[in-house]
Amino acid sequence: MLTIERAKKNDLDGIMELMKEAADCVEDPAWFVEDDADYVKERMEQGGFVLKACEGEKILGFFIADFPGRESRNLGYDLEFSKDLLERTAHMDYVVVTKEAQGRGLQRKFLKEAQQRLWAEGYRILLGTVHPQNQYSRRNFLAAGYSEAKHLLKYGGLPRVIMKKVLEEREI
C-alpha cells in the first residue's frame, strides 16, 4: 500500500540516493538540477518540509517544499511580487519519483498533499520551475491547476518556466 508522509532525518540518505538517480537518469541533464544533503536537511528541519512516498519501507519518491520568505532565491522576485506576497509564497521545489513508480500519479499526489499542508500553514501562492521541454513535469503542473507565469533563465543559465498557482479554499 502506498503512503505519503513527512520524511524524517533518517530518510535523508535514501532521498539523496533518489536525487542522484534522478540526475543520472533524466532524459536531458538540463531538466534536473541536483541539490545537496544540507539543503534537503534544512528543508526537513525548518524553512519547508519533505514528503516521501513509500510502499512498506521502500521510498518510491520524494517532494520538497521550500519557504523562501524574502530570501533572494524566492521566485516571486522574478514575478515582481510585493513583500507581502513573498511571505505567502512557497516553492514546490523538487519532485522525484523512481523509475519503477513512474506513471502512478505520484507527482500529482505529492502536489495535492503539499497543497493541503501549505494552505494550513498560511501559504497562498505556489511556485515551481520546470524546463520548457520537460513535458512530463510541465503536464503535471498544468493538470494540478498551475499556469505558466514566466519563461526565463535560472540555475546558472538554464531555461525554465515558472509555474504558478494561487490557492483557493475550495481546492483544499
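Check the entry above for the structure.
Residues numbered from 1 in each chain as written. Predicted model: local features only at pLDDT ≥ 70, side-chain atom pairs only at ≥ 80, totals over all residues. Heavy atoms only, no water.

1. Considerations on unusual backbone geometry
Backbone geometry at E80 places phi at a positive 60 degrees, although glycine is not the residue there. Mapped onto the secondary structure, E80 falls in the loop between β3 (58-66) and α3 (83-87). Despite not being glycine, Y155 has its phi angle at roughly 50 degrees, a positive value. Mapped onto the elements of the fold, Y155 is located in the loop between β6 (147-154) and β7 (158-166). Given the relative accessible area of 39%, Y155 is considered partly exposed. (Helix = DSSP H or I, 4+ residues; strand = E, 2+ residues; numbered from the N terminus. Buried < 20%, exposed > 50% of the residue type's maximum accessible area, 1.4 Å probe, protein only.)

2. Observations regarding the packing of helix α1 (residues 12-25) against helix α2 (residues 37-45)
Between α1 and α2, whose axes approach to 10 Å, the crossing angle comes to 130 degrees. Taken as axis vectors, α1 and α2 run oblique relative to one another. Viewed along their axes, α1 and α2 form a crossing whose handedness is right-handed. In contact with L12, I15, M16 and M19 of α1, α2 contributes A37, V40, K41 and M44. For the contact of α1 with α2, the per-class residue count stands at seven nonpolar, no polar and one charged. (Axes fitted to C-alpha atoms, helices over the stretch in contact; angles between N-to-C directions. Parallel < 35°, antiparallel > 145°, perpendicular 65-115°, else oblique. Left-handed = near helix turned anticlockwise from the far one by under 90°. Contact = heavy atoms within 4.5 Å. Nonpolar A, V, L, I, M, F, W, Y, C, P; charged D, E, K, R; others polar.)

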